[in-house]
Amino acid sequence: MRHDSWHDYEFKPFLSSLSLVMKIVVKRMRYSHLYKQSYELCLYIEGVVDNFSRASKYSIGIDLKDSSRQILKLIVRAKGRRNKRDLLIKLREEIQEMKILLHLSLDIMAFPDFESFERAISLVADIERQHGNWTKGLSQTRDGTGPAAPIGKSNLGIRHKS
């Protein structure tokens, strides 16, 4: 017997698949925003350090540039790996070091104005918040490698009711 009515199909597995796809899309968007923010931080630090005094430019300025680049590299490396946990720990440490360097730069008056410091620290704070979200997302999976899939169930296809 042939069933042509859409009522005869069970859409629950399809909706489950759609939900999984949406989670992956959101995860990729989260990574994309994190990457963009860290890239923006690198560009901003490059520009602002050029306005540091000569002594600060070649001491703490180099450290700031290196730290911002390291943050970007760690994000790219973590995205490309299945097991991200170790790299995300290193990323958290690098973010903390960057915050300390920014505060030290403010204290020694390396920044040309307070607004420059404010912009840099807000970029780092945004990256730190997104890093926390990424870490939380991984801790909710079984092995910390990505989204947890149901065991023994296929998420693809639409089943026909008998």
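Further up the page is the structure itself.
The sections below set out a description of the structure shown in this document. (Residues numbered from 1 in each chain as written. Predicted model: local features only at pLDDT ≥ 70, side-chain atom pairs only at ≥ 80, totals over all residues. Heavy atoms only, no water.)

**Some words on a positive patch on the surface**
Now for step 1: Taken together, the side chains of Lys73, Arg77, Arg81 and Lys90 present a region of like positive charge at the surface.
Now for step 2: Take Lys90: it is sitting in helix α4 (residues 85–107).
Now for step 3: A relative accessible area of 47% places Lys90 in the partly exposed class. (Patch = residues over 30% accessible without salt bridge, like charges linked within 9 Å, V, L, I, M, F, W, Y side chains within 5 Å. Areas by Shrake-Rupley, 256 points an atom, 1.4 Å probe, with all protein chains shown as cover. Salt bridge = Lys/Arg side-chain N within 4 Å of Asp/Glu carboxyl O. Lys, Arg positive; Asp, Glu negative; His and termini not counted. Charge placed at Lys NZ, Arg CZ, Asp CG, Glu CD. Helix = DSSP H or I, 4+ residues; strand = E, 2+ residues; numbered from the N terminus. Buried < 20%, exposed > 50% of the residue type's maximum accessible area, 1.4 Å probe, protein only.)

**So, the nonpolar core**
Now for step 1: Residues Leu41, Ile45, Leu64, Ile71, Met98 and Leu102 are the most contacted members of the largest nonpolar core, which totals 29 residues.
Now for step 2: Contributing elements (two or more residues each) for this core: α1 (12–49), α3 (60–80), α4 and α5 (114–139).
Now for step 3: When residues in this core are grouped by element, the largest group, 8 residues, is from α5.
Now for step 4: Once residues lying within four places of it in the same chain are set aside, the contact partners of Ile45 are Leu64, Lys65, Ser68, Met98, Leu102 and Ala120. (Core = buried A, V, L, I, M, F, W, Y, C linked by side-chain atoms within 4.5 Å. Contact = heavy atoms within 4.5 Å.)

**Focus on α5**
Now for step 1: End to end, α5 covers 37 Å across 26 residues, agreeing with the expected 38 Å (1.5 Å per residue, within 8%).
Now for step 2: For α5, the set of buried residues is Ser116, Phe117, Ala120, Ile121, Leu123, Val124, Asp126, Ile127, Gln130, His131, Trp134 and Leu138. (Expected span 1.5 Å × (residues − 1).)

**Some details on the environment of Cys42**
Now for step 1: For Cys42, the position within the fold is in helix α1.
Now for step 2: We classify Cys42 as buried; its relative accessible area is 10%.
Now for step 3: Once the C-alpha coordinates of Cys42 and Ala120 are considered, the two residues, 78 residues apart in sequence, prove to be 9.7 Å apart.

**Here's the deal with the packing of aromatic side chains**
Now for step 1: Going through the model one piece at a time under the given rule, you end up with 4 aromatic pairs.
Now for step 2: Seen in terms of ring centroids, Phe111 and Phe117 are 5.7 Å apart; in terms of plane orientation they differ by 70°. Their pairing is edge-to-face.
Now for step 3: You can call Phe111 buried: its relative accessible area is 8%.
Now for step 4: With relative accessibility at 5%, the residue Phe117 sits in the buried group.
Now for step 5: Relative to Phe117, the ring of Phe114 lies with its centre 5.7 Å away and its plane at 45°, an arrangement referred to as tilted. Here Phe114 and its partner Phe117 are both found in helix α5, 3 residues apart, which amounts to about one turn of the helix.
Now for step 6: Judged by relative accessible area, which is 43%, Phe114 ranks as partly exposed.
Now for step 7: In textbook terms, an aromatic cluster arises when at least three aromatic residues are bridged by ring pairs, as seen for Phe52, Phe111, Phe114 and Phe117. (Phe/Tyr/Trp six-rings, centres within 6.5 Å; stacked < 30°, edge-to-face > 60°.)

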